[in-house]
Each structure stands twice: as structure tokens, then as C-alpha cells.
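Structure assessment
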Amino acid sequence: KAGVTQTPRYLIKTRGQQVTLSCSPISGHRSVSWYQQTPGQGLQFLFEYFSETQRNKGNFPGRFSGRQFSNSRSEMNVSTLELGDSALYLCATSDYRNTGELFFGEGSRLTVL
Amino acid sequence: DQQVKQNSPSLSVQEGRISILNCDYTNSMFDYFLWYKKYPAEGPTFLISISSIKDKNEDGRFTVFLNKSAKHLSLHIVPSQPGDSAVYFCAASGTGGTSYGKLTFGQGTILTVHP
């Protein structure tokens, strides 16, 4: 079974630009969550999508948004990038049968200059 | 407000000995707890979990203990192996089946197991 695939793995942007990250879940997984990992804040929950609907949202500004497609693939977008948005963005998927067990991708490393 | 805390940033143990990683939480609504392991340049990998209706769950070398009254959980690794060297994250979720994709993580503990 293929794992969670995140693209791109690395990217560099400048302040003010916007970025879109993609996540392809494990086949059959309908829940997709996004997390931001930074050295100072650790792993912070961004949002969760299930069946194309946002179920939960973390405490991030509106510049952070996401969506999920009918095939469960998900994208997240960050607009008007700030230096503090430099982080590892992790996608995690679940089939909801293994309660609470999330399968993480390797992440997208974003650097904002 | 950090609802899940791992107060030890690092832990160093000898191969073959027990590793004990600790985690405290403040939110009484949490009812499911998990431990994840993370190697550099990889995403976290699920290790073991425990529901709030239990006080112990065991899986091979890994055992998680939950003390609800103290809002404390711990992960025991016996015996520790050098391949266990990684960052260990404690995580919690709550409010039943609608929020399992939303985990609150601790800051992580770097475990180093020396041969």
C-alpha cells in the first residue's frame, strides 16, 4: 500500500508570495489533516478535511486555507507569506477505523526569504 | 497555553535498559492518547495509543501507562535499542469520533540509546 505522498518536498518562496502544497492520502483514507512543525512551536494542527468538508480548524490566521477533492486528495494554501511561515508542513491521513492513528507524509519543507 | 507537555527535552539511556518518556496534559476533555516516533527528514510514525478507559496498553517492547487523576502518561521501552533513538511525541485527542484527525502534540523528547 502506497504511503501518504506530499509534494513538493522542498520549496523556497519570498515574503508576500503564496504557496500551494499537495497531499495524496493512502488509498481508502478519507480524512486528511495538516500540521505545521517549527522548532519553537512543535507540531501545530492546521485543519482537517473529511469527505471534502472541513471538520476542524486550528488557531491559524485566514492566510492558511485548504480544500479536499472528491478523490480525497488535499491541498493547502498559504497566501501573503511571512518569514514566520517557514516550517515543515505535514499531512496526515486516516481511515477512521484505527482510532486516532494518523499516517503522516514526509512533509513539505517551506523556506520563506 | 500548552495543553500537552513533555517536560524532558532529551533522554539518554544505555542499550538494554528501560527508557521512560513522560507526558502531562491539562485538558480533561482529552480521551485518547498516542505516542509517535519521528526520525529526521521523515514524518512521525505511530507507535502506540491508549484510550482513557484503560490505564495500560502494551505492544511488544512498548507500554503506555495512563494516570487520569494525575493527567499523566508515560511510554516505557524495554529493552531499549539503538534504533529507538528518535524524537518521541506525545499526542492527545478528544470529544469522541469527530476529532481524531485533530491531535494536540507535546514538544517532543529526543531519545538517544547508546550501544
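First, a word on what this report is: a plain description of the structure on this page.

Some remarks on a nonpolar patch on the surface
The grouping of Ile18(B), Ile20(B) and Val78(B) at the surface amounts to a nonpolar patch, some 220 Å² of accessible area in total. With respect to the element layout, Val78(B) can be found in the loop between β8 (72-77) and β9 (86-94).

Some words on the sheet that holds strand β3 (residues 19-25) of chain B
Residue and element names in this part refer to chain B. Pairing within the open sheet is antiparallel, and its five strands lie in the order β1-β3-β8-β7-β6. Single-partner strands in this sheet number two, and they are β1 (4-5) and β6 (56-59). In this structure, β1 lies alongside β3, joined through two bridges in antiparallel fashion. If you follow Lys5 over to β3, its bridge partner there is Asp24.

Comments concerning the interface of chain A and chain B
Taken together, the contact pairs 23 residues of chain A with 19 residues of chain B. Both faces combined, the contact of chain A with chain B buries some 1800 Å², and carbon together with sulfur accounts for 57% of it. Remark: the boundary between chain A and chain B carries zero salt bridges. On the surface where chain A and chain B come into contact, there are two residue pairs in polar contact (both at pLDDT 80 or more). Those elements that place two or more of their residues in the side of chain A that touches chain B are β4 (31-38), β5 (42-50), β6 (53-57) and β9 (87-94) of chain A. The element best represented in the side of chain A that touches chain B is β5(A), accounting for four residues. In the side of chain A that touches chain B, the residues fall into eight nonpolar, nine polar and six charged.

Parameters and conventions
- Residues numbered from 1 in each chain as written.
- Chains lettered and ligands numbered in written order.
- Predicted model: local features only at pLDDT ≥ 70, side-chain atom pairs only at ≥ 80, totals over all residues.
- Heavy atoms only, no water.
- Patch = residues over 30% accessible without salt bridge, like charges linked within 9 Å, V, L, I, M, F, W, Y side chains within 5 Å.
- Areas by Shrake-Rupley, 256 points an atom, 1.4 Å probe, with all protein chains shown as cover.
- Salt bridge = Lys/Arg side-chain N within 4 Å of Asp/Glu carboxyl O.
- Helix = DSSP H or I, 4+ residues; strand = E, 2+ residues; numbered from the N terminus.
- Pairing = 2+ DSSP bridges.
- Contact = heavy atoms within 4.5 Å.
- Buried area = accessible area lost by both parts, 1.4 Å probe.
- Polar contact = N/O pair within 3.5 Å; in protein donor to acceptor, adjacent residues only side chain to side chain.
- Nonpolar A, V, L, I, M, F, W, Y, C, P; charged D, E, K, R; others polar.

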